[in-house]
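Chain and residue survey
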Amino acid sequence: MQQENDGLKKEVGTFAALATVMGTVIGGGVFFKVASVVESTQSAGLTLLVWVLGGLLTICAGLTSAELAAAIPLTGGAVKYLEYTYGKLPAYLFGWAQSLIYFPANIAALSIVFGTQVVDLFHLNSQISLPIALISGLSITLINFLGAKAASRLQSGTLIIKLIPIIVIVVVGLFTPGNVALHFIPTHLSSHTGLAGAFSSGLLATMFAYDGWLGVGAIAGEMKNPKKDLPRAIGWGLALITVIYTLINLVFLKTLPITDIAGNLNAASESAIHLFGALGGKLVTIGILISVYGAINGYTMTGMRVPLAMAEEQTLPFSKFIRKVGRHSGAPYGAGTLQFVIAALMMLLGSFDLLTDMLVFVMWIFSVLLFIAVFILRKREPDLERPYRVPGYPVIPAIAILGGIFILVTTVITQVWLAVIGILITLLGIPVYYLTTRYYRLK
């Protein structure tokens, strides 16, 4: 195939790729998803188990999608893999879902927890958490309107800071005496919830924290040796993230009782206060806030470029406005405005868990299609150059597919309206695609 990366410099080595993987995946979810995971599992042992299994599933997913990234290293990443395998409409629906659900929901969810943490840190009235969330999302959007350089500096500044509270909590927490009983069978399940329901709900909740792996293969075209370095970066990067997530959740469980963690978005900050005292806990919480702020920036910066690319192809309504960029900054302020408006509406109407579960559900629909694409292309184009092949084929891709289907089915069973809304918003893209392409063709 004609590969678009011929002009790209192959300068990315193993360590740089590893840092990219970890920097992309680690965000705010590790601090806040423990609340919904524990609320589902009601067990320290089962909580740790779903974090480990969530990591293993993510590793299988990342290694599988990396084969497509290495074989089809085109600008646009997963959108291009879908287009190459299935055609323009499925690829369009993926970009549509990213523009209307994935990126805005990420921004909204993280802004909500940012507002919650600020209120908790400074003991403010809980009613102002929503205005703080809106202001945080708006401030980052305005920073991005200054240009990619300003947004990149903010992202670089928060990259290292996001690891500091994690390392501090894990190191100190592991050596602090605690009392945690690792029961793998929940002890306080409600009468209508069984072990399978607790496990599936807990696993689904971890997926937001592991989110971000889908984009890690985009660096394949700029790697010195993608055949060796890409699986190493993804495998080791996601394995280290799994260990980190498991350890920090072990610390939370050692530090606070199950009942104090379940459903409590402030569990991370309360755990930090318990470990380091009031002042030390506040400093760690500030580190968490900076990490979340940086994560919002990351999704804002990358997210606004998806509708921009679609508008440039005139496949969105109001494409003329959406593709507007600043004369001096070069920032896509039209797409950024659209993204923030959708995110703000989500903040007003949704909650952290509702928004994250919806975005996870919708993205896994397309993820499963990507995993299946590996099988399709192996059969349809056996001679396609593949600098990297997923190890353990067909077992690893099959695990990724089965895991993805499990997540989708579980969501439909446990949160049917969330699934229906996510599917309807995605399918709404079909008439929009045909109407807009027809409109601009006739214009």
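Residues numbered from 1 in each chain as written. Predicted model: local features only at pLDDT ≥ 70, side-chain atom pairs only at ≥ 80, totals over all residues. Heavy atoms only, no water.

Applied cut-off: UniProt positions are given in the numbering used here, feature names are shortened, and annotations may be inferred rather than shown by experiment.
The name given to the protein chain in an unreviewed UniProt entry is Amino acid permease, with the source organism recorded as Pediococcus inopinatus. What UniProt states about the protein chain under its Subcellular location (unreviewed entry) heading is, verbatim, "Membrane".

What about the overall build of the protein chain?
The following threshold applies: Segments assigned H or I by DSSP are reported as helices when at least four residues long, segments assigned E as strands when at least two residues long, and all are numbered from the N terminus. C-alpha atoms define the radius of gyration, and 2.2 Å times the number of residues to the power 0.38 defines the globule rule. Relative accessibility under 20% of the residue-type maximum defines a buried residue, over 50% an exposed one, and the middle range a partly exposed one, all with a 1.4 Å probe and only protein chains included. What makes two residues a contact is simply this: any of their non-hydrogen atoms within 4.5 Å. For the area figures, the Shrake-Rupley method with a 1.4 Å probe applies, and any residue is considered shielded solely by the protein chains shown.
Counting its regular elements, the protein chain contains 19 helices and 0 strands. Its C-alpha atoms give the protein chain a radius of gyration of 21 Å, near enough to 22 Å, the size a compact globule of 443 residues would have. Considering only C-alpha atoms, the protein chain reaches an extent of 65 × 50 × 45 Å along its principal axes. When burial is assessed residue by residue, the protein chain has 55% of its 443 residues classed as buried. Taking the intrachain contacts of the protein chain between residues at least 6 apart in sequence as the baseline, contacts between residues at least 24 apart amount to 83%. Split by element, the accessible area of the protein chain, about 19,000 Å² in all, is 68% carbon and sulfur.

Looking at the confidence of the model for the protein chain
Spelled out, the test is: The predictor attaches a confidence to each residue, and that confidence, scored 0 to 100, is pLDDT.
Model confidence for the protein chain is summarised by a mean pLDDT of 85, while 90% of its residues fall at 70 or above. Per-residue pLDDT, averaged within each element of the protein chain, yields its smallest value for helix H1 (residues 14–25) (75) and its largest for helix H7 (residues 129–145) (94). Segment residues 4–8: pLDDT under 50, and 8 contacts once partners within four positions in sequence are set aside and those in other chains are kept.

Regarding the environment of Leu214
One can find Leu214 in the loop between helix H9 (195–206) and helix H10 (226–255). Remark: the alpha-carbon pair of Leu214 and Ala133, spanning 81 residues in sequence, is separated by 26 Å. Setting aside residues no more than four positions away along its own chain, Leu214 makes contact with Ala78, Phe94, Ser367 and Leu370.

A few points about the packing of aromatic side chains
Note the following rule: Only the six-membered ring of Trp is used, alongside the rings of Phe and Tyr, when aromatic pairs are assigned; centres must lie within 6.5 Å, and planes under 30 degrees apart are stacked while those over 60 apart are edge-to-face, with the rest tilted.
Under the definition given, this model contains 17 aromatic pairs. Taken together, a centroid distance of 4.9 Å and an interplanar angle of 80° make the contact between Tyr102 and Phe103 edge-to-face. Its relative accessible area of 8% is what places Tyr102 among the buried residues. By the ring-pair criterion, three or more aromatic residues cluster together here, those being Phe31, Phe32, Phe208 and Phe352.

Here's the deal with the side chain of Lys33
Within the secondary structure layout, Lys33 lies in the loop between helix H2 (29–32) and helix H3 (34–41). The exposure class assigned to Lys33 is buried, which follows from its relative accessible area of 1%. With sequence-adjacent residues up to four places away left out, Lys33 is seen in contact with Trp51, Ala205, Phe208, Phe352, Asp353, Thr356 and Asp357.

Describing the nonpolar core
For clarity, the threshold we go by: By nonpolar core we mean a set of buried residues, namely Ala, Val, Leu, Ile, Met, Phe, Trp, Tyr and Cys, connected to one another through side-chain atoms within 4.5 Å.
One finds Tyr245 and Trp364 to be the most contacted residues of the largest nonpolar core, which totals 131 residues. If one sorts the elements of this core by residue count, helix H6 (residues 88–122) sits on top with 20 residues. Dropping the residues within four chain positions of it, Tyr245 is found in contact with Val25, Ile26, Gly27, Val30, Trp51, Ala209 and Tyr210.

Details of the side chain of Asn264
Spelled out, the test is: Think of a polar contact as two N or O atoms within 3.5 Å of one another; within protein, one of them needs to be a possible hydrogen donor and the other a possible acceptor, and neighboring residues in sequence only count if both atoms come from side chains.
When you line up the elements, Asn264 lands in the loop between helix H11 (258–261) and helix H12 (267–303). Classification of Asn264 as buried rests on a relative accessible area of 16%. Reaching out from Asn264, the side chain makes a polar contact with the side chain of Glu270 at a distance of 3.1 Å. Asn264 has contacts with Ala35 and Glu270, leaving out every residue within four places of it along the chain.

Section: the packing of helix H8 (residues 148–174) against H12
Our working definition: Note on definitions: angles span 0 to 180 degrees between N-to-C directions of axes, and those axes are lines fitted to C-alpha atoms, for helices only across the stretch in contact. The crossing is said to be left-handed when, going from far helix to near helix, the turn is anticlockwise and less than a right angle, and right-handed when the turn is clockwise. In this count, Pro and Cys sit with the nonpolar residues alongside Ala, Val, Leu, Ile, Met, Phe, Trp and Tyr, while Asp, Glu, Lys and Arg are called charged and the others, Gly among them, polar.
Across the interface, H8 lies against H12 with an axial gap of 8 Å and an inter-helix angle of 145°. By crossing handedness, the relation of H8 to H12 is classed as left-handed. Together, Ala151, Ser152, Leu154, Gln155, Thr158, Ile161, Lys162, Pro165, Val168, Ile169, Val172 and Gly173 of H8 and Leu275, Phe276, Val284, Gly287, Ile288, Ile290, Ser291, Tyr293, Gly294, Asn297, Gly298 and Met301 of H12 make up the contact between the two elements. When the residues that make up the contact of H8 with H12 are grouped by side-chain class, the tally is 14 nonpolar, 9 polar and 1 charged.

Observations regarding the pattern of salt bridges
Applicable threshold: Salt bridges are defined as contacts in which a side-chain nitrogen from Lys or Arg sits within 4 Å of a carboxyl oxygen from Asp or Glu.
Counting across every chain of the model gives 7 salt bridges. Salt-bridge contacts for Arg386 lead to Glu67; the nearest nitrogen and oxygen are separated by 3.4 Å. In this pair, Arg386 is assigned in the loop between helix H16 (352–380) and helix H17 (395–414) and Glu67 in helix H4 (residues 44–71), connecting sequence segments 319 residues apart. Neither residue differs from the other here; Arg386 and Glu67 are each classed as buried. With a shortest N-O distance of 3.1 Å, Glu83 and Lys88 are connected by a salt bridge. Judged by its relative accessible area of 54%, Lys88 is exposed.

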